[in-house]
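# Overview (structure and organization)
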2 protein chains.
Amino acid sequence: MSMTTFTVTGMTCGHCEASVREEVSAVAGVEQIEVDAARGTLVVIGNSVDDATVLAAVAEAGYQAQRS
Amino acid sequence: MSMTTFTVTGMTCGHCEASVREEVSAVAGVEQIEVDAARGTLVVIGNSVDDATVLAAVAEAGYQAQRS
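My aim in this report is to walk through the structure given alongside it, one point at a time. (Residues numbered from 1 in each chain as written. Chains lettered and ligands numbered in written order. Predicted model: local features only at pLDDT ≥ 70, side-chain atom pairs only at ≥ 80, totals over all residues. Heavy atoms only, no water.)

## Thoughts on the overall build of chain A
- Tallying secondary structure elements over chain A gives two helices and four strands in all.
- Over its C-alpha atoms chain A spans a radius of gyration of 10 Å, differing by no more than 12% from the 11 Å that the globule rule assigns to 68 residues.
- Its C-alpha atoms give chain A principal-axis dimensions of roughly 30 × 20 × 15 Å.
- Taking contacts inside chain A between residues at least 6 apart in sequence as the whole, the part at least 24 apart equals 58%.
- Of the roughly 3,700 Å² of accessible surface on chain A, a fraction of 45% belongs to carbon and sulfur atoms. (Helix = DSSP H or I, 4+ residues; strand = E, 2+ residues; numbered from the N terminus. Rg over C-alpha atoms; globule rule 2.2 N^0.38 Å. Contact = heavy atoms within 4.5 Å. Areas by Shrake-Rupley, 256 points an atom, 1.4 Å probe, with all protein chains shown as cover.)

So this is what it looks like as structure tokens:
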């Protein structure tokens, strides 16, 4: 199990957080997600989670992310 | 058919607009809705639409509104 933190830009509200959560929760290996629009952060906890797939999932939700 | 404009505070993004649209579209008599998060406006077009019911619908979506 490992924890990775990403910086996400463009989230403005709880709906945005929910969109990111929905997409990232579908990524293989993801166990837990903490997403915070105000701080612009996404923390992903899981097993063998592929960073590039997380970044793609955030992009699918409509936001830009990078590893912190 | 009449048009009424409301000022809505708290909407930040397209998801917020969609939430307001969803609730207000369920109000009796509503035919068309224009909602703009950036401007904080909601325009309702319809027949015999009750203003108080529109305000309650916006509140249900999680935002504050008043007639402009």
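## What to know about the relation of the copies chain A and chain B
- Mapping chain A onto chain B calls for a rotation angle of 180° and an axial translation of 0.0 Å; the resulting RMSD is 0.0 Å. Here the symmetry operator amounts to a two-fold rotation axis.
- In this assembly, 100% of the residues forming the interface of chain A have copies in chain B that are likewise at the interface, indicating an isologous arrangement. (Least-squares fit on C-alpha atoms with pLDDT ≥ 70 in both.)

## A look at the interface of chain A and chain B
- Counting residues at the interface gives six residues for chain A, matched by six residues for chain B.
- Interface of chain A and chain B: buried area, both sides summed, is about 410 Å²; carbon and sulfur atoms make up 58% of it.
- The largest share of the area that chain A buries against chain B comes from A:Thr12, A:Cys13 and A:His15, three residues that together contribute 78% of it.
- At the boundary of chain A with chain B, the tally comes to zero salt bridges.
- Taken together, the connections running from chain A to chain B amount to three residue pairs in polar contact (both at pLDDT 80 or more).
- For the side of chain A that touches chain B, the residue count by class is three nonpolar, three polar and no charged. (Buried area = accessible area lost by both parts, 1.4 Å probe. Salt bridge = Lys/Arg side-chain N within 4 Å of Asp/Glu carboxyl O. Polar contact = N/O pair within 3.5 Å; in protein donor to acceptor, adjacent residues only side chain to side chain. Nonpolar A, V, L, I, M, F, W, Y, C, P; charged D, E, K, R; others polar.)

## Quick word on the sheet that holds strand S4 (residues 64-67) of chain A
Residues and elements named next belong to chain A.
- Taken in spatial order, the four strands make up an open sheet running S2-S3-S1-S4, and their pairing is antiparallel. Of all the strands in the sheet, just strand S2 (30-36) and S4 have a single pairing partner and so form its edges. The mean angle between the axes of side-by-side strands here comes to 25°, regardless of whether they run parallel or antiparallel.
- As defined by bridge partners, S2 adjoins strand S3 (residues 41-46) across six bridges and the pair is classed as antiparallel. Looking across to S3, one finds that Val-35 is bridged to Leu-42. (Pairing = 2+ DSSP bridges. Axes fitted to C-alpha atoms, helices over the stretch in contact; angles between N-to-C directions.)

## Here's the deal with the sheet that holds strand S4 (residues 64-67) of chain B
All names here are of chain B.
- One open sheet holds the four strands; their spatial order is S2-S3-S1-S4, and the pairing between them is antiparallel. If you trace the sheet from one side to the other, it starts and ends with strand S2 (30-36) and S4, each paired once. Across the sheet, the mean angle separating the axes of adjacent strands is 25° when strand polarity is ignored.
- Pairing between strand S1 (residues 2-9) and strand S3 (residues 41-46): six bridges, direction antiparallel. Looking across to S3, one finds that Phe-6 is bridged to Leu-42.
- Relative to the sheet, helix H1 (residues 14-24) contacts S2 and S3, its axis offset from that of S2 by approximately 165°.
- Sitting on the sheet, helix H2 (residues 51-61) touches S1, S3 and S4, and the angle it makes with S4 is about 160°.

## Here we look at H2(B)
All names here are of chain B.
- Among all positions in H2, only Val-54, Ala-57, Val-58 and Ala-61 are buried. The buried residues of H2 all sit within an arc of 100° when viewed along its axis, so they share a single face.
- On its buried face, H2 sits against S1, H1, S3 and S4.
- Following H2 by one or two positions, Gly-62 adopts a phi angle in the positive range, close to 105°. (Buried < 20%, exposed > 50% of the residue type's maximum accessible area, 1.4 Å probe, protein only. Arc of directions from axis to C-beta.)

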